[in-house]
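Below, each chain spelled out in residue letters.
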Amino acid sequence: MTDGFLTSSHWGIGVVHVEDGRVRDVAAHPDDPDPSPINGNIAGSLNGAARVLRPAVRKGYLAGGPGAAGGARGREDFVEVEWDTALDLVASELSRIRDRHGSGAIYAGSYGWASAGRFHHAQSQLKRFLNAGGGFVASKGNYSYHAALVLMPHIVGDYRRHVKEATRLSTLAEHGRLVVMFGGLPIRNGQVSGGGVGKHRLRGVLEDAARAGVRFVNLSPLRTDAATSLDAEWLPPRPGSDTALMMALAHTLLSERLHDRTCLDRYTVGFDRLADYLNGSDGIVKDADWAAGLCDLPADRIRALARDMAAGPTLITTAVSLQRADWGEQPLWMTVALAAMLGQIGLPGAGYGIGYAADSSIGTMDRAAPWSAFPQGTNPVADFIPVAMISDMLLNPGGGYDFNGARRTYPDIRMVWWAGGNPFHHHQDLGTLARAFQQPETVIVNEFNWTATARHADIVLPVAAPQERTDFGAGTQDNVLVPMPKLAEPPGKARIEFDIFRDLEARLDLADGFSKGRTVEEWIDRLWGDMRRKISDLPEFDAFLNGDPLEFDDPDPHHVFLSDFRQDPEAHRLPTPSGRIELFSETIAGFGYPDCPGHPVWQVPRDWSLRDRYPLHLISGQPGTRLHSQLDNGAYSRSRKVKDREPVLIHPDDALERGIADGDIVELFNARGRCLAGAVVTDDVLQGTIFLWTGAWYDPDENGLCRHGNPNVLTHDLRTSALSQGPAAQSALVEAKKAVDPPPVLAFEPPTFGNLP
Ligand SMILES: Nc1nc2c(c(=O)[nH]1)N[C@H]1C(S)=C(S)[C@@H](COP(=O)(O)OP(=O)(O)OC[C@H]3O[C@@H](n4cnc5c(=O)[nH]c(N)nc54)[C@H](O)[C@@H]3O)O[C@H]1N2
Ligand SMILES: Nc1nc2c(c(=O)[nH]1)N[C@H]1C(S)=C(S)[C@@H](COP(=O)(O)OP(=O)(O)OC[C@H]3O[C@@H](n4cnc5c(=O)[nH]c(N)nc54)[C@H](O)[C@@H]3O)O[C@H]1N2
Ligand SMILES: [Mo]
């Protein structure tokens, strides 16, 4: 038995120290071989000044009622109110909107990671509640790997299957030889797994491979994207140039006859179309000399790498960051094409994988059984938007757009309701989002902290945090069930979301469609009971809640992606139109999108035309010190800030040229926006590229300058392509200078509260 109470987070199991009824400290679980220090944020954030303690309504909304806000959202004071007042407002507004405009005028795509815990999952609570009363406009896809979700079914098969069935990295030690990593395999990101992780295995399994003699090549603008212990060779391409680099590798294989023609014939269609393109069907031969000018790597080194890749087992890994960029489908398609040319797809320790290290479970673990979840019900509204089209939707009601072969129309949204996400951290071009958020008549946000999203709401409902409610945790692709006993009371007037929706259900006369008349305890018993019927030897919930995590066997520890297809491509046809890997897709060609034709193509990222004015490529990678924006006001995240600002990594030459010294507060800017950040001068980052981690709480002054360092004031809100309409955050160019008279950061303070006159 562990000494202390357990909790579960997306970054692992924590052992909680409670004192005077408050969470004081969360330590690592002793059985975790590589625990995450992100636990160090929990106590400070839950007890911080930014905690939402009472329901609050924007002053102008309370006085004037619903309507477009004309700039007041995000600027006006709030008035704290009683729960009855807040819930009456929500209930009457929901009824008004539904009566007048229908449920298709409510947007509750509500994207976000929320917290671990199978029952209290924020989006499930909100969506089940809205489904019980008529539904809502949903969102499709995610900010993580949206282009992959749309592209991969056309060319190989469901991307979620790629994730679940990724070739186990443990096969590298025995069968591997070379790992070529586009975007590296950052251990920093492998701290996290959706829904939770019992044990962090990524570092261990890669180190096993290195010890067995496997070589790693880190093709990434950040040296530390490969763990030091892997002793990887660092070949940093210019960000956004990977498609060209991959094409040059492919061209070398082709021109030196190092490609596997037998495998291409057996497992793929359309290679000849791609080969013609590589050979210059558009007038440009995609050879190493051509690519060298785009990716800034020596042509000879590109050729040598291609020969090395063809000389024996090679695993190509591509980070999903590469597809969160202009034309993000292309590096994915070229990854598949390169691996197909090497002829090793379906072999252990070889082939390709997309998204390794983006989640600690990918290629390291799978779950033994489907864990129970709070059912969301069915949504009577069929309408949706691709998730990253939120600003466009709000600004263009009735407007048209392309998506995956369809011509669609934006809904006319009157109400936005968010729970468990932070669009004012996660969405691109926050200046435009702030304008878009003025359009709806009502914005409701459930939060436990005063994030920028809560500040842009009309009605803010304060909710309990994971340690303030009873639940059980389990990662979607992990094999551990974790007790999550309630360890503290929610502070102030904060409440459990289920209870909030139950009260609303009563006000709206929804005939128990949300709660089915059950309490939290009754629901959890039911979900647990469902699992006990499927998994033998599962204890009673009460015994489990006071005990250790329950670990199950890994169902398939040596799995190899597409090994069945390799053995028999007829018996195991892929779910593509041809049943094979499509290096040319008739379907995609038929859509007629100039920015995503029928085979992989090289296109110049949009911001590159601005290089003269904004010469630095901004990469906004996932932060090592937190999960996105979650608990950014906690101790560990704050300990890494530079003079209270989010750290930005800048190469010594770039710093020198601009008179910037390590520890300076700098201003990053382009035509879209400006933010402050704290300079960390380091040659771990490629010259010409700067790294500003995502997730610093957006802290705009009156002129839209973010005082704290959220990169999304600088990113563009143009999507990957008309095919998938995925977010393209990694394609922004910026300039940097030393900041003059930087104002203090106010992000972690609560907003100003006033009284109604
Ligand atoms: N520039 C740039 N932008 C990016 C990215 C990038 O690489 N670069 N990455 C993108 C990616 S991959 C992602 S996944 C997104 C992540 O974007 P989000 O998932 O929106 O980010 P989080 O910070 O995890 O937001 C979760 C919010 O839910 C709240 N929360 C937690 N638990 C609960 C709960 O029980 N109830 C309620 N009501 N709220 C809760 C937290 O306080 C937090 O504010 O960001 C995207 N944005
Ligand atoms: N600690 C922590 N871990 C996380 C998260 C978190 O917030 N915190 N978020 C989780 C989530 S939701 C997701 S989706 C995953 C995301 O996983 P990823 O998308 O893989 O994560 P990133 O950190 O954005 O990118 C990984 C690396 O790709 C490199 N890179 C960026 N652009 C380019 C490019 O154009 N070319 C090349 N060759 N390399 C490039 C950068 O050097 C960057 O460090 O991470 C997950 N893991
Ligand atoms: Mo993500």
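Everything quoted here is computed from the prediction, not taken from an experiment.

**Let's talk about a negative patch on the surface**
Inference 1: A cluster of acidic side chains, namely Glu521, Glu522, Asp525 and Asp542, defines a negative patch on the protein surface.
Inference 2: With three residues, helix H20 (residues 520-534) is the largest single contributor of residues to the negative patch.
Inference 3: Here Glu522 shows up in helix H20.

**Notes on the environment of Gly117**
Inference 1: Along the chain, Gly117 falls in the loop between strand E6 (106-107) and helix H4 (122-132).
Inference 2: Judged by relative accessible area, which is 10%, Gly117 ranks as buried.
Inference 3: As a C-alpha pair, Gly117 and Thr7 span 110 residues in sequence and 9.3 Å in three-dimensional space.
Inference 4: What Gly117 contacts, discounting residues up to four positions off in sequence, is Asp471, Phe472, Gly473 and Met484.

**Description of the sheet that holds strand E20 (residues 471-473)**
Within a sheet, adjacent strands bond to each other through the backbone by hydrogen bonds, running parallel or antiparallel.
Inference 1: Taking strand neighbours across the sheet as the criterion, the three strands line up as E20-E21-E22 in an open arrangement whose pairing is antiparallel. Taken across any chain shown, the strands that pair with only one partner, and hence form the sheet edges, are E20 and strand E22 (550-551).
Inference 2: Running at roughly 40° to E20, H20 makes contact with E20 and strand E21 (480-484) of the sheet.

**Regarding the sheet that holds strand E27 (residues 674-681)**
Inference 1: The sheet built from six strands closes into a barrel, its strands ordered E24-E28-E25-E27-E26-E29 with mixed pairing. On average, adjacent strands in this sheet sit at an angle of 45° to one another, irrespective of strand direction.
Inference 2: With four bridges connecting them, strand E26 (residues 665-669) and strand E29 (residues 732-738) associate as antiparallel partners. Its bridge partner being in E29, Glu667 is matched across the sheet by Lys737.

**Some points on empty space enclosed by the protein**
Inference 1: Across all of its chains, the model carries eight cavities of 30 Å³ or more by this definition.
Inference 2: By volume, the largest cavity is sized at about 100 Å³.
Inference 3: Lining of the largest cavity is provided by 14 residues; of these, Trp11, Ser115, Pro466, Gln467 and Leu631 occupy positions nearest its centre.
Inference 4: Contributing elements (two or more residues each) for the lining of the largest cavity: strand E1 (5-9) and helix H1 (42-46).
Inference 5: Grouping the amino acids of the lining of the largest cavity by side-chain chemistry returns eight nonpolar, six polar and no charged.
Inference 6: Of the pockets and cavities examined, the second largest cavity occupies roughly 70 Å³.
Inference 7: Lining the second largest cavity, in full, are Cys263, Leu264, Tyr267, Thr268, Ala340, Gly343, Gln344, Ile345, Phe565, Arg566 and Ile581.
Inference 8: With three residues, the top contributor of residues to the lining of the second largest cavity is helix H10 (residues 261-267).

**Considering the domain arrangement of the chain**
Inference 1: For the chain, the domain assignment lists domain 1 (2-142 + 370-551), domain 2 (167-362 + 568-591) and domain 3 (606-738).
Inference 2: For domain 2 versus domain 3, the separation of C-alpha centres amounts to 27 Å.
Inference 3: Roughly 2200 Å² of surface becomes buried between domain 2 and domain 3 when both sides are summed, with 58% attributable to carbon and sulfur atoms.
Inference 4: The interface formed by domain 2 and domain 3 holds three salt bridges in total.
Inference 5: Among the ionic pairs, Asp683 bridges to Arg223, the shortest N-O distance being 3.6 Å.

**A short note on the site of ligand 2**
Inference 1: Taken together, 32 residues sit near ligand 2, with Arg188, Asp225, Asp242, Ser321 and His628 positioned nearest.
Inference 2: Contact distances for ligand 2 include 2.9 Å between an oxygen atom and a backbone N or O atom of Gln622.
Inference 3: Compared with its free state, where it exposes 910 Å², ligand 2 has 98% of that area covered by protein.
Inference 4: Among the residues making up the shell around ligand 2, the classes are represented as 17 nonpolar, 10 polar and five charged.
Inference 5: Taken domain by domain, the shell around ligand 2 gets at least three of its residues from each of domain 2 (167-362 + 568-591) and domain 3 (606-738).

**Notes on the pattern of salt bridges**
Inference 1: In total, this model carries 53 salt bridges according to the counting rule given.
Inference 2: One salt bridge in this structure joins Asp308 and Arg215, with 2.9 Å as the shortest N-O distance. With Asp308 in helix H13 (residues 299-310) and Arg215 in strand E9 (residues 215-219), this pair connects stretches of sequence that are 93 residues apart.
Inference 3: Residue classification places Asp308 among the buried residues on the basis of a relative accessible area of 19%.

**Regarding the state of the cysteines**
Inference 1: Taken as a whole and assessed by the stated rule, the structure comprises zero disulfides.
Inference 2: Cysteine Cys675 shares no disulfide, and the gap to the nearest cysteine sulfur, in Cys706, comes to 5.7 Å.
Inference 3: A residue is classified by how much of its surface remains accessible, and Cys675, at 0% relative accessible area, is buried.
Inference 4: In this structure Cys706 comes out as buried when scored by relative accessible area, which is 0%.

**Observations regarding the packing of helix H5 (residues 146-155) against helix H14 (residues 329-342)**
Inference 1: Between H5 and H14, the least distance of the axes is 10 Å, while the angle of their chain directions is 40°. It follows that H5 is oblique to H14 by the angle criterion. Crossing angle aside, the handedness with which H5 passes H14 is right-handed. Taken together, the residues of H14 that come into contact with H5 (itself represented by Ala147, Ala148, Leu151, Met152 and Ile155) are Glu329, Leu332, Trp333 and Val336.
Inference 2: Residue composition of the contact of H5 with H14, grouped by class: eight nonpolar, no polar and one charged.

**Comments concerning unusual backbone geometry**
Negative phi characterises most residues that are not glycine, and trans characterises most peptide bonds.
Inference 1: Positive phi outside glycine occurs at Asp512, with the angle close to 60°.
Inference 2: With respect to the helices and strands, the residue Asp512 is situated in the loop between helix H19 (497-508) and H20.
Inference 3: For Asp512, a relative accessible area of 40% translates into the label partly exposed.
Inference 4: At Asp644, a residue that is not glycine, the phi angle is positive and equals roughly 70°.
Inference 5: Of note, Asp644 is situated in the loop between helix H24 (635-639) and strand E25 (647-650).
Inference 6: Since its relative accessible area comes to 54%, Asp644 is described here as exposed.

Criteria and cut-off values
- Residues numbered from 1 in each chain as written.
- Chains lettered and ligands numbered in written order.
- Predicted model: local features only at pLDDT ≥ 70, side-chain atom pairs only at ≥ 80, totals over all residues.
- Heavy atoms only, no water.
- Patch = residues over 30% accessible without salt bridge, like charges linked within 9 Å, V, L, I, M, F, W, Y side chains within 5 Å.
- Areas by Shrake-Rupley, 256 points an atom, 1.4 Å probe, with all protein chains shown as cover.
- Salt bridge = Lys/Arg side-chain N within 4 Å of Asp/Glu carboxyl O.
- Lys, Arg positive; Asp, Glu negative; His and termini not counted.
- Charge placed at Lys NZ, Arg CZ, Asp CG, Glu CD.
- Helix = DSSP H or I, 4+ residues; strand = E, 2+ residues; numbered from the N terminus.
- Buried < 20%, exposed > 50% of the residue type's maximum accessible area, 1.4 Å probe, protein only.
- Contact = heavy atoms within 4.5 Å.
- Pairing = 2+ DSSP bridges.
- Axes fitted to C-alpha atoms, helices over the stretch in contact; angles between N-to-C directions.
- 1 Å grid on protein atoms, 1.4 Å probe; cavity = no way out; pocket = protein on both sides within 12 Å on 5 of 7 lines; lining within 4 Å.
- Points joined across faces, edges and corners; volume = space filled by probe spheres on them.
- Nonpolar A, V, L, I, M, F, W, Y, C, P; charged D, E, K, R; others polar.
- Domains from an automatic or database assignment.
- Buried area = accessible area lost by both parts, 1.4 Å probe.
- Near = heavy atom within 4 Å.
- Polar contact = N/O pair within 3.5 Å; in protein donor to acceptor, adjacent residues only side chain to side chain.
- Disulfide = S-S within 2.5 Å.
- Parallel < 35°, antiparallel > 145°, perpendicular 65-115°, else oblique.
- Left-handed = near helix turned anticlockwise from the far one by under 90°.

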